[in-house]
Amino acid sequence: MQYIFTRKALPAFIACVLNSAAAAGSFTNHTGRAVSGELTAISNGVAVIGSRGYPLSIFPEAEQVRMRSLLALPPPLPPDLVALRRSLDERFRRNEALLKAGAKTEAQAAAQRAKLEAVWQRALRASREEQQSRK
């Protein structure tokens, strides 16, 4: 049986620690190639790794989840909520444009803002309840 001497054990231990630390900053894309570097941000479908931007679509779903958890980001919105948010945003911008043009009073614009906010909050609540019922 072979023994690891102390002189050799410490460098081996350090190498293991460095390898595991490097693995935390290494992400595998769909083709199996590793992208290494410090993950600093995820925004607009782009992950910034080592000062370079990579589209999130090049990484498998499991890697995307791991990236989001490393940055403590919430999971992305479901497609139906993304579409609703886009629609509500357009309605909000139209409301503000009508207010600015003088076609609406401040009270009417405020009422419309409150209505849009209520729709968004109801949709978020319903989505959360649906996710919890799946579990």
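Residues numbered from 1 in each chain as written. Predicted model: local features only at pLDDT ≥ 70, side-chain atom pairs only at ≥ 80, totals over all residues. Heavy atoms only, no water.

A. Focus on the sheet that holds strand β4 (residues 46–49). Strand order across the open sheet formed by three strands is β3-β4-β5, with antiparallel pairing between neighbours. With one partner strand each, in any of the chains shown, β3 (39–43) and β5 (52–55) form the two edges of the open sheet. Strand-to-strand, the axes of this sheet are offset by a mean angle of 25°, without reference to chain direction. (Pairing = 2+ DSSP bridges. Helix = DSSP H or I, 4+ residues; strand = E, 2+ residues; numbered from the N terminus. Axes fitted to C-alpha atoms, helices over the stretch in contact; angles between N-to-C directions.)

B. Structural detail: the pattern of salt bridges. Under the counting rule described, the total for this entry stands at five salt bridges. Here E63 makes a salt bridge to R66, at a shortest N to O gap of 2.9 Å. Taken together, the residues span about one helical turn, with E63 and R66 both in helix α2 (residues 61–70) at a distance of three residues. In this structure E63 comes out as buried when scored by relative accessible area, which is 14%. The shortest N-O distance in the salt bridge between R113 and E96 comes to 2.7 Å. Taken together, the residues span a long stretch of sequence, with R113 in helix α4 (residues 106–134) and E96 in helix α3 (residues 79–101) at a distance of 17 residues. Look at E96 and you get partly exposed, because its relative accessible area is 24%. One salt-bridge network, held together by shared partners, links E96, E106 and R113. (Salt bridge = Lys/Arg side-chain N within 4 Å of Asp/Glu carboxyl O. Buried < 20%, exposed > 50% of the residue type's maximum accessible area, 1.4 Å probe, protein only.)

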